[in-house]
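These are the residues of each chain, in order.
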Amino acid sequence: MIVVMKKNAHQEDVQRVVEYIEQAGLRPHLSDGSTHTIIGVIGAREAIDVLALEALPGVEKAVPVSSGLNLVSRDVKESNTIVTVGDAQIGGTELAVMAGPCAVESKEQLREAALAVKAGGAQFLRGGAYKPRTSPYAFQGLEEQGLKFLAEVSQEVGLQVVTEVVDVESLDLVSNYADMLQIGARNMQNFKLLQAVGKKGKPVLLKRGLSATIEEWLQASEYILREGNFQLVLCERGIRTFEPFTRNTLDLSAVAAAKMLSHLPVIVDPSHATGKWNLVAPMARAAIAAGADGLMVEVHPEPARALCDGNQSLTPKNFNLLMNEVRSFAGLMGRSLS
Ligand code: PEP
Ligand code: MN
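None of these values were measured; they are calculated from a predicted model.

I would appreciate a short explanation of the side chain of Thr163 in the present structure.
Inspection of the secondary structure assignment puts Thr163 in strand β9 (residues 160–164). Judged by its relative accessible area of 1%, Thr163 falls in the buried class. A distance of 2.6 Å separates a polar side-chain atom of Thr163 from the backbone oxygen of Gly127.

See below:
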């Protein structure tokens, strides 16, 4: 933490700040400039975090210098982390693709989607059994029955299951069926849930919150890493802006930034980012160009009949087209697609 004193701060003001820092068990480091006095605060982060330096007279501002990104930062691990889920990997040269319906609706619907995404070259079957819906009247998911369908169909077709866990209470149950646990955008700052999935030790997909800054997203990931779970993948899924034409605004600079700041793999969900099926392919290509390690895409055998997010879901045919496009495009980025 660095404290900048006001231009006209009195000597007593400076002394008061120094004593305040010392009383907190921290070490002040004074530098007298020609206009401003600057005081560095040295010591344990927990003690620095609770200081209210800007409440003291004569203080212009207190600027934190450490973001608390102790484990997620590239400063602590230079090489890319590769997350392994069964026989699939995320973060290596090969792009990872997670595809499937927004929600599991029936075994037949899921099997049809799974066969299509497998044929297209995806390694993961996605599908929500617990759906965090904005309206309580919207379809909430098949819950445990949906998890059973995911496990059965993925086994039959040969895909890894990624599915959302919405609360600590259902974590054990979801973990029994899932290969990878998804933390949805709405739960990115559910810190108890982040700690619990960290303790669980299963691979985790952490989606960026609707209004979360890149730093908040990385801080959220720190909660999981801190529990000893480094099997973590970040997912940019669009943020809320003033633009209503798309459901969200895909923040591709966040993909490049997260790859620069952290060693974790980053994938992109162009389905939730745009809300429109016909924008999924261009944004998928852009995501790969920005350095994403993979994609999450919604695919439904019959989007017009989907119980959730039909407008942004690709038909099996369009998913296949997307994959062929991405496959030829991936080579330009030195990546491959199975
Ligand atoms: C989802 O992937 O099913 C989902 C609900 O996405 P998000 O949390 O990004 O809205
Ligand atoms: Mn959805």
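Structure's up, so let's keep going.
Help me understand helix α7 (residues 214–225) in this model?
Taking 1.5 Å per residue as the helical rise, α7 with its 12 residues ought to reach 16 Å, and the 17 Å between its terminal C-alpha atoms agrees with that figure. Listed in full, the buried residues belonging to α7 are Trp217, Leu218, Ala220, Ser221, Glu222, Ile224 and Leu225. At its buried positions, α7 is contacted by α6 (191–200), β11 (204–207), β12 (232–236), α8 (252–261) and β13 (266–268).

Just to check I follow, could you spell out the sheet that holds strand β1 (residues 2–5) for this structure?
Strand order in the open sheet made by the 4 strands is β2-β3-β1-β4, with antiparallel pairing throughout. In this open sheet, the two strands that pair with only one neighbour each are β2 (27–32) and β4 (59–63). Here the strands of the sheet are splayed against their neighbours by 20° on average, with no regard to which way each runs. As judged from the 6 bridges shared by β2 and strand β3 (residues 37–42), these two strands associate in the antiparallel manner.

Could you clarify how one ought to interpret the site of ligand 1 in this entry?
What surrounds ligand 1 is the set Arg126, Lys131, Glu164, Gln182, Gly184, Ala185, Arg186, Lys207, Arg237 and His272. Within the side chain of Lys131, one N or O atom sits 2.9 Å away from an oxygen atom of ligand 1. For ligand 1, the accessible surface in isolation is 290 Å², of which the surrounding protein chains cover 96%. Broken down by class, the residue content of the shell around ligand 1 amounts to 1 nonpolar, 3 polar and 6 charged.

Which parts of the structure should I look at to understand the packing of aromatic side chains?
For any pair of aromatic rings, the description rests on two quantities: the centre-to-centre distance and the angle between the ring planes. For the structure on display, the rule yields 1 aromatic pair. Ring plane angle 25° and centroid distance 4.6 Å describe the contact between Phe191 and Tyr223, whose orientation is recorded as stacked. Residue Phe191 is located in helix α6, and its partner Tyr223 is located in helix α7; the two are separated by 32 residues in the primary sequence. Taking the ring centre of Phe245 as reference, the NZ or CZ of Lys276 above it sits at 4.3 Å.

Definitions and limits used
- Residues numbered from 1 in each chain as written.
- Chains lettered and ligands numbered in written order.
- Predicted model: local features only at pLDDT ≥ 70, side-chain atom pairs only at ≥ 80, totals over all residues.
- Heavy atoms only, no water.
- Helix = DSSP H or I, 4+ residues; strand = E, 2+ residues; numbered from the N terminus.
- Buried < 20%, exposed > 50% of the residue type's maximum accessible area, 1.4 Å probe, protein only.
- Polar contact = N/O pair within 3.5 Å; in protein donor to acceptor, adjacent residues only side chain to side chain.
- Expected span 1.5 Å × (residues − 1).
- Contact = heavy atoms within 4.5 Å.
- Pairing = 2+ DSSP bridges.
- Axes fitted to C-alpha atoms, helices over the stretch in contact; angles between N-to-C directions.
- Near = heavy atom within 4 Å.
- Areas by Shrake-Rupley, 256 points an atom, 1.4 Å probe, with all protein chains shown as cover.
- Nonpolar A, V, L, I, M, F, W, Y, C, P; charged D, E, K, R; others polar.
- Phe/Tyr/Trp six-rings, centres within 6.5 Å; stacked < 30°, edge-to-face > 60°.
- Lys NZ or Arg CZ within 6 Å of the ring centre and 35° of its normal.

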